[in-house]
Amino acid sequence: MRAANTQHLRSLAYEPPARATRANCLGFAITASMLALFVAGACEPSHPTAEPSPLPSAIKSLASESHPFILATQDQIETIRVRTTREPAKTWFEQLQRRCPTDGDIAATTDAGERVRLARNAALCYVLTGDETLANRAARLLAETPLLDNSVTTNDGHHAFVSRVPRYCEAYDLLKVASETDELTWQINAVDDATIRNHIADMARWLRDNRPFWYDFTRNNWAIRQYAALTLCTMTIADGTSEVTPDELKAWYRYAYDETLRSLDVQICDEGAFAEGCSYMNYSAENTLPMFFALRNLLQDDLFALPRFRTNFEWLAKIRTPAGHLPNFDDAPLSQFPVHYLTSAYEDAGRFAWDWERAGSPFFDLCRSICWHDDRVVPDPPMSNPCIALPESGNAVLRSSWEKNAVYLLLLGEHGQARTSGFGHEHPDNTSFLIEAFGEQLAVDSGYIDFANHTLVNKPECHNLILVDNQGPAFIQIGNQPLLVDQDAFLEDAVLEGPIPRCSVRTSYAGMALHRTVFMPGHDHFVIVDSLHSQSLSAGGVRRTFSWLLHGNAGVDESQGGTGGMFDFTHNSARWTRPSGASLDVWLASSAGSTIVRERFDVDGETYRHQLTGHGPSSILRHRTMEGVASGDDIVFLAIVVPAADAASIPEVVETSANDSLSFSIRFPFDGRVETVSVFPQPSGENPAPPDVSIIGTAADGTILYELRPGP
């Protein structure tokens, strides 16, 4: 953040609470070397393209309670009632009513999370229908369900507790709706009211006093969720309880608000990326979105209006795959985000409505979807170029269109905050890419599984990059905790308009400087040119072994835990064919003159693991991986990568390399288009340049359709 804002965050007159005294307070042991890494990586980030967080004078004071304010305000209730007469809220509301508690449910259900869910369901149905039986049941459930227990000091217990706190506050907030209409005349009895408020005060005190010391270093998704939950607690009982005074709650509120924004500043990068990835942005948003709505509704503090948060939400739409997934790089599965909530946060929310429909219209949470999805917003498809480069976020997308069957490639090149603030969820994947086309994942990222198992898929060789003597970007981990991950990489030279969009990424590792450029000729296939040069002049003539990797989503039978489909390879090519018939073909050549394409296997001798959707060990799948192996001191690779909808669409590709160039001729079926691709390697030197590239596509009659010529 900017210097002025950094001063603000350090000047709030609030003494931080005592840190937890045991390193295993969340089952998370941190070594001295890890602490050194976190200190190095947790520097205050810069947001030159976004407004800073509010200054002290702009933080709205927490004066008194006014219910409801989280899921809805008093004047929004009738609008939501009318909404439930239309689809999709009509179906959601019918489902919600079926999931309301009976007296038998209250007696039989012992799980705290289920009791909170039932209470919130009943509270919202009471507000929308006036059924006082449901209000009584909701109050009874909340009064009889203190959320704090001994499990809160474990990883799973902490996760469950911090997830439940906002829902508990939402349920109580609904039951405190002002009795200003004939439909809502019920009032919670004094005993239950006091009990529930004291439960919330206990939660707030625990959230305030039990901050793990590693929050000072990681500022990660756990910290964001905990501080946002504390913010909601203090706002919900701002008038105080028998155990906590209003002045104490106001101080806790300012502390929690400030720490939430400070943690978000660490994770949200310039151009919108969430450093820990899409999945952990989603995980954090379970608590930050209710906090944002609560702040806007109660205090008119509209964090949604800050450009940096709007940019963060829009980042998801920019990198979303054509089939509607958020890509699974770093520790993430293919996932979704509740962008339909944002339709009630922004006046120009058509982009978010369109994006939600494109993702398959998932509802996530019934209560929040009913209250926050504004079905009156007309979906507005993006009008901008579907290709985009976000150098500070570390993502570039080459996309043929915004349609669901589009051809799509995501290229990774993170540096600075986008890399270092990913902490233990970062993968050594710079220069890697993933490809989707015709609704199919074709070139895959390895994904996540879960934190306990991510070491199975987070190593350099699990990604689509080049290994040098079997080494990739920096990667050191102790147990399952990565310490030093990846090298800075820089996206540059993006040309996104015209018939050949392209983007380059530059990095270095294993003593080599690497420059990868991805071209998209004709918007339907890819040319990938990689140039690797020794960083040491004294190393000239030292032969290195280079392995060009591509992980394809096919080739292992489903009965054997794989993705199905077929995998074949020749001396210079490989093909993955999905069960649907869609395929991915790769043809590879190198300046070494002799490149061997073969299958690569994981450290266990089996095919590589990956995870696309789902969570946990049951989500592990297997796929087949090619590597093109060549040896030399410096080297240039040329790869032709073609997604095809079916076998009839696969082009005829012939290598035509000569002494001074790497070349392929590509003849596409149906339209007679012929494309020639030539790469002219540059001589080694103190500052070797990327190779010159020529790409020319011609129609059947010889008319030039597109061309890219070598440099001057």
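Conventions and cut-offs
Residues numbered from 1 in each chain as written. Predicted model: local features only at pLDDT ≥ 70, side-chain atom pairs only at ≥ 80, totals over all residues. Heavy atoms only, no water. Helix = DSSP H or I, 4+ residues; strand = E, 2+ residues; numbered from the N terminus. Buried < 20%, exposed > 50% of the residue type's maximum accessible area, 1.4 Å probe, protein only. Contact = heavy atoms within 4.5 Å. Areas by Shrake-Rupley, 256 points an atom, 1.4 Å probe, with all protein chains shown as cover. Salt bridge = Lys/Arg side-chain N within 4 Å of Asp/Glu carboxyl O. 1 Å grid on protein atoms, 1.4 Å probe; cavity = no way out; pocket = protein on both sides within 12 Å on 5 of 7 lines; lining within 4 Å. Points joined across faces, edges and corners; volume = space filled by probe spheres on them. Nonpolar A, V, L, I, M, F, W, Y, C, P; charged D, E, K, R; others polar. Pairing = 2+ DSSP bridges. Axes fitted to C-alpha atoms, helices over the stretch in contact; angles between N-to-C directions. Phe/Tyr/Trp six-rings, centres within 6.5 Å; stacked < 30°, edge-to-face > 60°. Lys NZ or Arg CZ within 6 Å of the ring centre and 35° of its normal. Parallel < 35°, antiparallel > 145°, perpendicular 65-115°, else oblique. Left-handed = near helix turned anticlockwise from the far one by under 90°.

*Asks:* Tell me about the overall build of the protein, residues and numbers included.
*Replies:* The number of helices and strands found in the protein is 17 helices and 25 strands. Burial analysis of the protein (712 residues in total) assigns 60% to the buried set. Relative to all contacts within the protein whose residues are 6 or more apart in sequence, the contacts with residues 24 or more apart total 69%. Entry remark: accessible area of the protein is about 25600 Å², with carbon and sulfur atoms responsible for 51%.

*Asks:* An account of the pattern of salt bridges is needed here, citing residue identities and associated values.
*Replies:* When charged atoms on two side chains of opposite charge get close, those side chains can pair. Inspection of the entire model under this criterion finds 41 salt bridges. Put simply, Glu-78 and Arg-81 hold a salt bridge, and the shortest N to O gap is 3.2 Å. Taken together, the positions of Glu-78 and Arg-81, both in helix α3 (residues 77-83) and three residues apart, correspond to about one turn of that helix. Owing to a relative accessible area of 15%, Arg-81 belongs among the buried residues under this scheme. Beyond isolated ion pairs, a larger network of salt bridges with shared partners links Asp-103, Arg-115, Arg-137, Arg-140 and Glu-144.

*Asks:* An account of empty space enclosed by the protein is needed here, citing residue identities and associated values.
*Replies:* Taken as a whole, this structure holds five cavities of 30 Å³ or more when the rule is applied. Approximately 100 Å³ is the volume attributed to the largest cavity. Considering the residues around the largest cavity, the lining is formed by 13 residues, among which Leu-264, Ala-285, Thr-288, Asn-312 and Phe-313 are closest to the centre. When residues of the lining of the largest cavity are traced back to their parent elements, those giving at least two are α13 (278-299) and α14 (307-319). Broken down by element, the lining of the largest cavity gets its largest block of residues, six residues, from α13. Class assignment for the residues of the lining of the largest cavity results in ten nonpolar, three polar and no charged.

*Asks:* Go over the side chain of Gln-95, please, and point to the residues and values.
*Replies:* Relative to the assigned elements, Gln-95 resides in helix α4 (residues 89-98). Setting aside residues no more than four positions away along its own chain, Gln-95 makes contact with Phe-363 and Leu-366.

*Asks:* Please give an account of the sheet that holds strand β10 (residues 502-509) that cites residues and values.
*Replies:* The strand order across the open sheet built from eight strands is β9-β10-β11-β12-β20-β16-β15-β14, with neighbouring strands paired in antiparallel fashion. Bordering the open sheet on either side are β9 (490-495) and β14 (566-569), each of which pairs with just one other strand. Taking the axes of each pair of neighbouring strands and ignoring which way they run, one obtains an average angle of 15 degrees across the sheet. Note: β9 against β10, four bridges, orientation antiparallel. The residue bridging Glu-492 from the neighbouring strand is Ser-504, located in β10.

*Asks:* Which residues make up the packing of aromatic side chains, and what are the values?
*Replies:* By convention here, two paired aromatic rings are described through the distance between centres and the angle between planes. Counted according to the given criterion, the structure contains 21 aromatic pairs. When the centroid spacing of 5.9 Å and the interplanar angle of 65 degrees are considered together, the rings of Tyr-280 and Tyr-448 count as edge-to-face. Linking Tyr-280 in helix α13 with Tyr-448 in the loop between β5 (440-443) and β6 (466-468), this pair joins segments that are 168 residues apart in sequence. Here Tyr-280 and Tyr-448 have matching classes, each one buried. Between Phe-304 and Tyr-346, the ring centres sit 5.9 Å apart and the planes meet at 75 degrees, which makes this aromatic pair edge-to-face. Remark: Tyr-346 occurs in the loop between α14 and α15 (350-358) and Phe-304 occurs in the loop between α13 and α14; sequence separation between them is 42 residues. A single burial state applies to Phe-304 and to Tyr-346, both of which are buried. One cation-aromatic arrangement involves Arg-308 over Phe-309; the distance from NZ or CZ to the ring centre is 4.5 Å.

*Asks:* Any chance you could break down the packing of helix α11 (residues 221-236) against α13 for me, citing the residues and the numbers?
*Replies:* Running from N to C, α11 and α13 cross one another at 25 degrees; their axes reach a closest spacing of 9 Å. If you check the angle between α11 and α13, you find them roughly parallel. Viewed along their axes, α11 and α13 form a crossing whose handedness is left-handed. Side by side, α11 and α13 meet where Asn-221, Trp-222, Ile-224, Arg-225, Ala-228, Ala-229, Thr-231, Leu-232 and Met-235 of the first sit next to Tyr-280, Tyr-283, Ser-284, Glu-286, Asn-287, Thr-288, Pro-290, Met-291, Ala-294, Leu-295, Leu-298 and Leu-299 of the second. Here the residues of the contact of α11 with α13 sort into 14 nonpolar, five polar and two charged.

*Asks:* Can you tell me about the pairing of β14, naming the residues and giving the values?
*Replies:* Note that β14 and strand β15 (residues 573-577) share four bridges and pair antiparallel. Opposite Phe-569, over in β15, you have Ala-574 as the bridge partner. What sits between the antiparallel neighbours β14 and β15 is a turn of three residues.

*Asks:* Outline the environment of Val-377, listing residues and values.
*Replies:* By the element assignment, Val-377 lies in the loop between α16 (366-372) and β1 (388-390). When its relative accessible area of 18% is taken as the criterion, Val-377 is described as buried. Ignoring sequence-local partners within four residues, the contact set of Val-377 consists of Thr-343, Ala-349, Gly-350 and Ala-353.

*Asks:* Which residues make up the sheet that holds strand β25 (residues 704-708), and what values go with them?
*Replies:* Spatially, five strands are ordered β21-β22-β23-β24-β25 in an open sheet, and the strand pairing comes out antiparallel. Each edge of the open sheet carries a strand with a single partner, namely β21 (652-655) and β25. Within the sheet, the average angular offset between the axes of one strand and its neighbour, ignoring direction, is 10 degrees. Inspection of the sheet shows strand β22 (residues 662-667) paired to strand β23 (residues 674-680) by six bridges, in the antiparallel sense. Note on β23: the bridge partner recorded for Ser-663 is Ser-678.

Just distances and angles here, no functional claims.
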